[in-house]
Amino acid sequence: ANNTVKTAASSQTQGHNPRRGVGTAAMNRAILDHLHFTMARLPALASRNDWYMALSHAVRDRMLDDWLASLHHFRNKELKVVSYLSAEFLLGPHLGNNLINTGMWDAARDAVESLGLTLEDLLRQEEEPGLGNGGLGRLAACYLDSLATLRIPSIGYGIRYEFGIFDQLIRDGWQVETADKWLKFGNPWEICRSEIAYEVKMGGHTEYHHDADGRLAIAWLPVKVIKGVAYDTPIAGYRSRITGLLRLWKSEAVESFNFQAFNAGEYYHAVDEKVVSESITKVLYPNDEPGVGKLLRLAQQYFFVSCSLQDMIRVHLLRSPRLEEFDQTFAVQMNDTHPSLAVAELMRLLVDEHGLGWDAAWKVTRSTMAYTNHTLLPEALEKWPLQLFANLLPRHLEIVYEINRRFLDEVSQAYPGDQARLARMSLIEETGGKFVRMANLASVGSHAINGVAHLHTELLKETVLADFYQMTPGKFCNVTNGVTPRRWVLLSNPGLARLISESIGEEWVTAPEKLRKLERFASDPSFLSAWRWVKDANKRALAATILERTGVTVDPESLFDIQVKRIHEYKRQHLNLLHILTLYHRIKRDPGAQIPPRTFIFGGKAAPGYFMAKLIIKLINSVAEVVNTDPEVAGRLKVVFFPDFNVTNGQLIYPAADLSEQISTSGKEASGTGNMKFSLNGALTIGTLDGANVEIREEVGEENFFLFGLNATEVQALKKSGYHPGRFYEEDGELREAIDAVRSGLFSHGDAGLFQPLVDHLLYDDEYLALADYRSYLECQERVSTAFRQRELWSVKSVLNVARMGKFSSDRSIREYCEKIWKVPIRPPFPH
Ligand code: GPK
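Since the structure is predicted, the reported quantities are computational estimates derived from the model, not experimental observations. Counting starts from 1 at the beginning of each chain's written sequence and moves along it residue by residue. Local features in this predicted model are restricted to residues of pLDDT 70 or higher, and side-chain atom pairs are both shown and tallied only at a pLDDT of 80 or more, whereas totals for entire chains, interfaces and linings draw on every residue. The side-chain quantities take in all heavy atoms of the structure and omit both hydrogens and water.

Time to look at the overall build of the protein chain. A run of H or I in DSSP counts as a helix once it spans at least four residues, and a run of E counts as a strand once it spans at least two, with each numbered from the N terminus. The number of helices and strands found in the protein chain is 33 helices and 24 strands. Based on C-alpha atoms, the radius of gyration is set beside the globule rule, defined as 2.2 Å times the residue count to the power 0.38. Taken over the C-alpha trace, the protein chain has a radius of gyration of 28 Å; the compact-globule value for 832 residues is 28 Å, and the two agree within 12%. By its C-alpha atoms, the protein chain is 90 × 75 × 60 Å across when sized along the principal axes. Three labels apply to residues, based on accessible area from a 1.4 Å probe with only protein chains included: buried if under 20% of the type maximum, exposed if over 50%, partly exposed otherwise in between. In the protein chain, buried positions account for 60% of the 832 residues. Within the protein chain, contacts between residues at least 6 apart in sequence are counted, and of these 76% link residues at least 24 apart. Within the structure as shown, the protein chain displays about 32400 Å² of accessible surface, and the carbon and sulfur contribution to it stands at 53%. A gap of 4 Å separates the mean positions of the 93 positive and 102 negative side-chain charges of the protein chain. The contact rule is simple, with two residues in contact once any of their heavy atoms fall within 4.5 Å. Working definition of accessibility: Shrake-Rupley area with a 1.4 Å probe, residue cover restricted to the visible protein chains. His is not counted, nor are the chain ends; Lys and Arg add positive charge and Asp and Glu add negative charge. We put the charge of a Lys on NZ, of an Arg on CZ, of an Asp on CG and of a Glu on CD.

The following block contains the structure:
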């Protein structure tokens, strides 16, 4: 494992400190050097990408000293390392964030300007690494920021997808997906560690025999071996002098050619092998929730989990030969069930490859692992067809069976004769086809299970994991999600950040509870007008981009009412549409109606195979086409679908919002994190009592939050009593008018059939109770309109939202994980 070459310098562990200056002149020099030596370009011929690459390399160089020092922590026996296993990291662009966190922004800006360029231009050049779908992946990225900021030794482990989440184009109102070629122009932030590579076996069968000492030995004879190579990306903490590590695995063929095949003249067959091996990390699955029973996805999950655990074991063995103490080196967090094979894989590595007994291995596995659940939607719980699992992972299936056998023994001892419970808790589902249940595997193999908002955790205990909760209540805890104020305020809303810091100092960046000090400025008229000025400037910037990307002109004075997130029926973008349609009809009916001008902005990707979600996008664009060109509503309503919502676009959108739409059916959104980003940027929320909305409302005060709709208990009760959406349609004239307009073909050039599936879905099923919440939503929107007319009061509420959002910093979340789950000490902030 340790192939360090001994040289005169190898006793130096602090690096050779090549004095990389961070002043403007030094940065200027460094950029030119990289343009020359790294990009091999003359300044006169350099493209914008050449300059971006040169600057990024100069910045990365300056992160290396802290990074190398931080990597050293992994060898320090005193420090437990947090290992965050996630199939997704939705990082967003690095350059701006790294400049902010390292404090090099001003020097970089000045250096770039001295070269006749602008920093803004170079920032725009970066293709964001879209290695995630939505909230779950973005949460992982916020947590990396906080881990580094809080100086907690940590490694994020994941997959280096060659193609991340697709780019979304809108053609004729429909979503069109195109490949995300984020690596096309090179990635200056990653370092390929060719020597950190592991072999991962797949397929085949197992054999048993007795070794020389008469002990039973198990051999897994795979049909295939794939190599995983580490690609490391430094993650700068905010002024913490700590740089965290994101280690992503790329799959490669063990050998590029099958020489036997090659020699036999089968050239193409020889290269085939390589193509198959490399395909494992080719592309991110673009489904945000429901599980897909695809072999390649299971292979991806196993591949990254196996590489990561082998890597952790290597690191542990540098500290101690005793694998029984693995849990003192690592706390492993499984981000949803995607990495839950880690339970079986750690058992396999410990038992089969390192000779631990089952009991010792199980003890250390359980005390190492913890599981975060991110959804209550039953259809989203991952389960793998047994045969598919057996074909790819024959040894793991045996291990799962053994875990299950022992576990079900415990269950039947605790609940004698309760066959139904046994069937529910089994790791194997046997009703209908057979499946391996990943949430059950993760739950059994972990010492801690957490939900991501208070309500979510409570519902988890009552519904999907109720049996596990009853058996081991002590394992359960809540850690409400959070977002990093570095990326989501400092970087994306510099105007607001400056105003806040000028008023209360800069401590809020790492101690957001200090934002409370803003409360007393909420009665200061000059502060309020500065606050408004910042928001208006952000709205103008967004308006300009909207014009550029969609051709729609929007009025920055109007109320910016925004819903950006993945498109999902449970998130109810169609409820938002029903409100728009109703306003449209009200204006048509009564041109004098007192309705303050609104701009409705939507953004979000639909899973490529999710028909209804794609139809909702088409409907948004179709309504936009009609509303935006109707002279009777000119200047009063505008509807925009902002294409390709991603982190980069989010950084522009959140700061410009007046109103944040968080309107999921209560009990369906585990937490939400967009809700936090909006509110932290001064938007007011219209929302249901769902996910973290509940806690946001508690914090900001009910008078500063627009609440509507059924709560989770009422939703359950209504469903139980038999829900008939048709009745709401019959009884509410405005609702009928809105739905009939869609049905009539008004928005589809007379094609009444186009939206029929959506209309039918609403009228005859409406699983997510859009019609039941419609009237309450409309009334609440009227309260919004009234409030928005009193601009001064609105600004007060906006200030109070920001002032009271401290709880939702991801630093707080990470501290809670440290205390409740990882048992990692919290270190005082640098430099104390
Ligand atoms: C939950 F189960 C999943 C999933 O597969 N992908 C995903 O993005 C989201 N999520 C939840 O829907 C959000 O409510 C939550 O805030 C986010 O995960 C982070 O916890």
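Still more to cover.
Here the focus is the state of the cysteines. Note on terminology: disulfide describes a covalent bond linking the sulfur atoms of two cysteines. What counts as a disulfide here is a pair of cysteine sulfur atoms lying within 2.5 Å. In the structure shown here, the tally under the stated rule is zero disulfides. Note on Cys192: no disulfide assigned, nearest cysteine sulfur contributed by Cys307 at a separation of 13 Å. With relative accessibility at 37%, the residue Cys192 sits in the partly exposed group.

Right, let's talk about helix α20 (residues 494–504) for a bit. Among the residues making up α20, those that are buried are Leu496, Ala497, Leu499, Ile500, Ser501, Ser503 and Ile504. Residues of α20 that are buried sit in contact with α19 (485–491), α21 (525–550), α25 (674–680) and α32 (791–803).

Partitioning the protein chain into domains gives domain 1 (14–76 + 94–126), domain 2 (128–480) and domain 3 (540–788). Across the boundary between the two partners, domain 2 contributes 32 residues, which contact 36 residues of domain 3. Here the quantity called buried area is the accessible surface, traced with a 1.4 Å probe, that two parts lose on coming together, added over both. In this assembly, domain 2 packs against domain 3 so that about 2700 Å² is buried in total across both faces, 57% of it on carbon and sulfur atoms. Considering only the surface of domain 2 that becomes buried against domain 3, Glu128, Gln168 and Trp174 emerge as the three largest contributors, covering 22% of it. Just to be clear on terms, a salt bridge is a Lys or Arg side-chain nitrogen sitting within 4 Å of an Asp or Glu carboxyl oxygen. Summed over the shared surface of domain 2 and domain 3, the number is two salt bridges. A salt bridge links Asp172 to Lys618; the shortest N-O distance between them is 4.0 Å. Each polar contact in these results corresponds to two N or O atoms within 3.5 Å; when the atoms are within protein, one needs to be able to donate a hydrogen and the other to accept it, and residues that are neighboring in sequence are counted only if both atoms are side-chain atoms. The interface formed by domain 2 and domain 3 contains 13 residue pairs in polar contact (both at pLDDT 80 or more). Among the secondary structure elements, those contributing two or more residues to the side of domain 2 that touches domain 3 are α6 (135–149), β5 (167–171), β6 (174–178) and α17 (454–462). Counting residues per element, the side of domain 2 that touches domain 3 draws most heavily on α17, at four residues. Here the limits of each domain have been adopted from an automatic or database domain assignment.

So, about the pattern of salt bridges. Scanning the model with the defined rule gives 61 salt bridges in all. Here Arg348 and Glu353 are joined by a salt bridge, their closest N and O atoms 3.1 Å apart. Since its relative accessible area comes to 4%, Arg348 is described here as buried. On the accessibility criterion, Glu353 (43% relative accessible area) is partly exposed. For Arg586, the salt bridge goes to Glu734, with nearest N and O atoms at 2.7 Å. With a gap of 148 residues between them, Arg586 in helix α22 (residues 573–589) and Glu734 in helix α29 (residues 733–744) connect regions that are remote in the sequence. Looking at Glu734, the relative accessible area reads 15%, which means it is buried.

Neighbouring residues are identified by heavy atoms, a residue being near a molecule or strand if any of them is within 4 Å of it. As a matter of local geometry, the ligand sits amid 16 residues, with Asp288, His374, Asn481, Glu669 and Gly672 nearest to it. Here Gly135 contributes a backbone N or O atom positioned 3.4 Å from an oxygen atom of the ligand. Tyr570 is positioned with one of its side-chain polar atoms (N or O) 3.2 Å from an oxygen atom of the ligand. Protein burial of the ligand: of its 430 Å² of free accessible surface, 95% is covered by the chains. Its atoms largely coinciding with the cavity grid, the ligand occupies the largest cavity. Under the scheme applied, nonpolar residues are Ala, Val, Leu, Ile, Met, Phe, Trp, Tyr, Cys and Pro; charged residues are Asp, Glu, Lys and Arg; polar residues are all the others, including Gly. Taken together, the residues of the shell around the ligand sort by class into five nonpolar, seven polar and four charged. Both domains that furnish three or more residues to the shell around the ligand are identified here as domain 2 (128–480) and domain 3 (540–788). The definitions used throughout rest on a 1 Å grid laid over the protein atoms alone, on which a cavity is an enclosed set of points accommodating a 1.4 Å probe that cannot get out and a pocket is an open set flanked by protein within 12 Å on both sides along at least five of seven lines; lining residues are those having an atom within 4 Å of a point. Each molecule is checked against the cavity or pocket grid, and it sits inside if more than half of its atoms lie within 2 Å of the grid points.

Further remarks concern the nonpolar core. Among the nonpolar cores identified, the biggest contains 117 residues, and Met202, Trp249, Phe303, Phe389, Ile403 and Trp822 are the most heavily contacted of them. Considering each element in turn, this core owes the most residues, 11 residues, to helix α9 (residues 295–319). Looking at this core, you find at least three residues from each of domain 1 (14–76 + 94–126) and domain 2 (128–480). Nonpolar cores were defined as sets of buried Ala, Val, Leu, Ile, Met, Phe, Trp, Tyr and Cys residues, with membership established by side-chain atoms within 4.5 Å.

Moving on: the side chain of Ser240. Mapping Ser240 onto the fold places it in the loop between β10 (224–236) and β11 (243–253). For Ser240, a relative accessible area of 2% puts it in the buried group. Only 3.0 Å separates the side chain of Ser240 from the backbone oxygen of Ala148, close enough to count as a polar contact.

Spatially, nine strands are ordered β7-β10-β11-β4-β1-β12-β13-β17-β18 in an open sheet, and the strand pairing comes out mixed. The open sheet has two edge strands, β7 (191–202) and β18 (476–478), and neither has a second partner. Put simply, the sheet's adjacent strands are angled 25° from each other on average, direction ignored. Bridging between strand β4 (residues 154–159) and β11 involves five bridges; their strand directions are parallel. Across the sheet, Gly158 pairs through a bridge with Leu248, a residue of β11. Two strands qualify as a pair provided that DSSP identifies no fewer than 2 bridges between them. Under this scheme, a helix contributes an axis fitted over its contacting stretch, all axes are lines through C-alpha atoms, and angles between N-to-C directions fall in the 0 to 180 degree range.

You can see Ser443 is positioned in helix α16 (residues 438–444). Excluding its chain neighbours within four sequence positions, the residues that come into contact with Ser443 are Tyr371, Ile449, Leu465, Phe468 and Lys475.

Bringing the packing of aromatic side chains into the picture now. Each aromatic pair joins two rings of Phe, Tyr and Trp (for Trp, the six-membered one) with centres within 6.5 Å, and gets the label stacked for planes under 30 degrees apart, edge-to-face for over 60, and tilted for any other angle. Evaluation of the coordinates by the stated rule reveals 19 aromatic pairs. Plain terms: the ring middles of Phe326 and Phe330 are 5.6 Å apart, the flat faces sit at 45° to each other, and that makes the pair tilted. Measuring from centroid to centroid gives 4.9 Å for Phe708 and Tyr777, while their planes differ by 45°, and the two rings are tilted. You can see Phe708 sitting in the loop between β24 (706–707) and α27 (712–721) and its partner Tyr777 sitting in helix α31 (residues 770–789), a full 69 residues away along the chain. Judged by relative accessible area, which is 0%, Tyr777 ranks as buried. Members of the aromatic cluster, connected to one another through ring pairs, are Tyr84, Tyr143, Tyr817 and Trp822.

Taken residue by residue, helix α30 (residues 756–764) has Leu758, Val759, Leu762 and Leu763 as its buried positions. For α30, the buried positions fall inside an angular range of 125° around the axis, keeping them on one side. Buried positions along α30 lie against α22, α23 (611–629), α28 (725–731), α29 and α31. Asp766, located one to two residues past α30, shows a positive phi value of around 45°. The directions considered for the arc run from the helix axis to the C-beta atoms.

As summarised here, the arrangement of the three strands in space is β14-β16-β15, forming an open sheet in which the pairing is antiparallel. Both outer strands of the open sheet, β14 (383–385) and β15 (428–429), are each paired with one neighbouring strand and no more. Across three bridges, the pairing between β14 and strand β16 (residues 435–437) is antiparallel. Along β16, the bridge assignment pairs Pro385 with Phe435.

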